[in-house]
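# Descriptive analysis of the structure
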Amino acid sequence: MRSERHTIQANGITQAVRVAGPPDGVPVLLVHGNVSSSAFWEPLLRRLPEALRVVAPDLRGYGDSDTAPVDATRGLGDFADDVAALLDAPGLFASGARPVVVGHSLGGGVAMRLLVDHPDRVAGLLLEAPVSPYGFGGTRDLDGTPTTPDFAGTGAGGANPDFVARLAAQDRGTDGPTSPRNVLRAAYVADPASLGADEELLLDSMLTTATGDDNYPGTAVASAHWPGMAAGERGVLNALAPAWFRVADELVAVPVKPAVTWVRGDADVIVSDTSLFDLANLGSLGVLPGWPGAADCPPQPMVGQTRAVLDRYAAAGGTYREVVLPGCGHSPHLERPAEFVAELLALAGTPATA
């Protein structure tokens, strides 16, 4: 498939959207992850059959969409509302379309929120290395119990300031582990060779990230608990924090339960039960000083939480399939595209040769 760029006014902002396939094709909505844009889907689009109608927006503050503020107290609600507004925007999908929604990382959380808010508009959910339904960090068990009353150690205060500065400076170099290129190579995939000729495209996508208090990473507040900060009320990383994003119970309770496919790599270092981006896990590894110990501040069991919630979803009448790709990192659609495409087409009910 080849995509075209559209500009849409929806939910009060200008949204840049990639569109591919015939208007009457099987509808698919692709929602990208954090520090990226819809360009992250381009390698996937090349492998999809023309029978699909694919819409892939740039979320607010990414790509060419408006740098609109993110109200973190709504969890990922601002993003989900933007995406929901596209379902009926002229020229994108056929009237009343119910797309298969594919969400990568943060986009997986947006997809969950979209299903909760609009269960009658989602035909299926493909969660690719999704954030836990209990948010990112600050919880201790499969039920999402907080490690501290204020979910200390979560939100914008956990962002590496040098990485944020390099994003803002459009750094394309390799001098240090916090350069965007090195983060792409080391964290977004398990094998940097899988980026291939698309590395520059993907780096370009990362560098569209709007930085600041209203976007990435957002604001932080002081905490009396280790490591001394908690999530603020503005910006992307706070919108992912469990203080504001907790959709587990709502997801289980949705009255319409489309099939869910959960695809993840077993070498993911971002969304993992031992995430290298979880401050509690970094404390347990001795990277951050002062860690109070596993009894008070264990690493978040992100994968275990997602499985537990999807088990409850299935027990309540839904279905889900967990697909684990050995040796794969945080971006299965880039690292293991054939398997990823097969799962997407199966969920959409579309043959690969269509």
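## Notes on the pairing of strand β5 (residues 100-104)
- Counting buried residues in β5 gives 5 out of 5 residues, a clear majority hidden from the surface.
- The side-chain alternation of β5 yields two buried faces, one formed by Val100, Val102 and His104 and the other by Val101 and Gly103.
- Judged from the 4 bridges that link them, strand β3 (residues 26-31) and β5 form a sheet pairing that is parallel. Looking across to β5, one finds that Leu30 is bridged to Val102.
- As paired strands, β5 and strand β6 (residues 124-128) are joined by 5 bridges and run parallel to one another. The partner of Val100 across the bridge, within β6, is Gly124.
- For the crossover from β5 across helix α3 (residues 106-117) to β6, the handedness is right-handed.

## Section: unusual backbone geometry
- A cis geometry characterises the amide bond from Tyr216 onward to Pro217, with omega recorded as 5 degrees.
- Turning to its location among the elements, Pro217 is positioned in strand β8 (residues 216-217).
- Look at the link from Trp226 to Pro227: it is a cis peptide, with omega at 0 degrees.
- Positionally, Pro227 belongs in the loop between β9 (220-222) and β10 (229-231).
- Look at Val35: it is not a glycine, yet its phi comes out positive at around 50 degrees.
- If you trace the backbone, Val35 turns up in the loop between β3 and α1 (42-45).
- By relative accessible area, Val35 is classed as buried at 3%.
- In this model, Gln170 sits at a positive phi of 60 degrees, which is unusual for a non-glycine residue.
- Mapped onto the elements of the fold, Gln170 is located in the loop between α4 (161-168) and α5 (180-188).

Cut-offs used in this document
- Residues numbered from 1 in each chain as written.
- Predicted model: local features only at pLDDT ≥ 70, side-chain atom pairs only at ≥ 80, totals over all residues.
- Heavy atoms only, no water.
- Buried < 20%, exposed > 50% of the residue type's maximum accessible area, 1.4 Å probe, protein only.
- Helix = DSSP H or I, 4+ residues; strand = E, 2+ residues; numbered from the N terminus.
- Pairing = 2+ DSSP bridges.
- Right-handed = clockwise from strand over helix to strand, strands pointing away.

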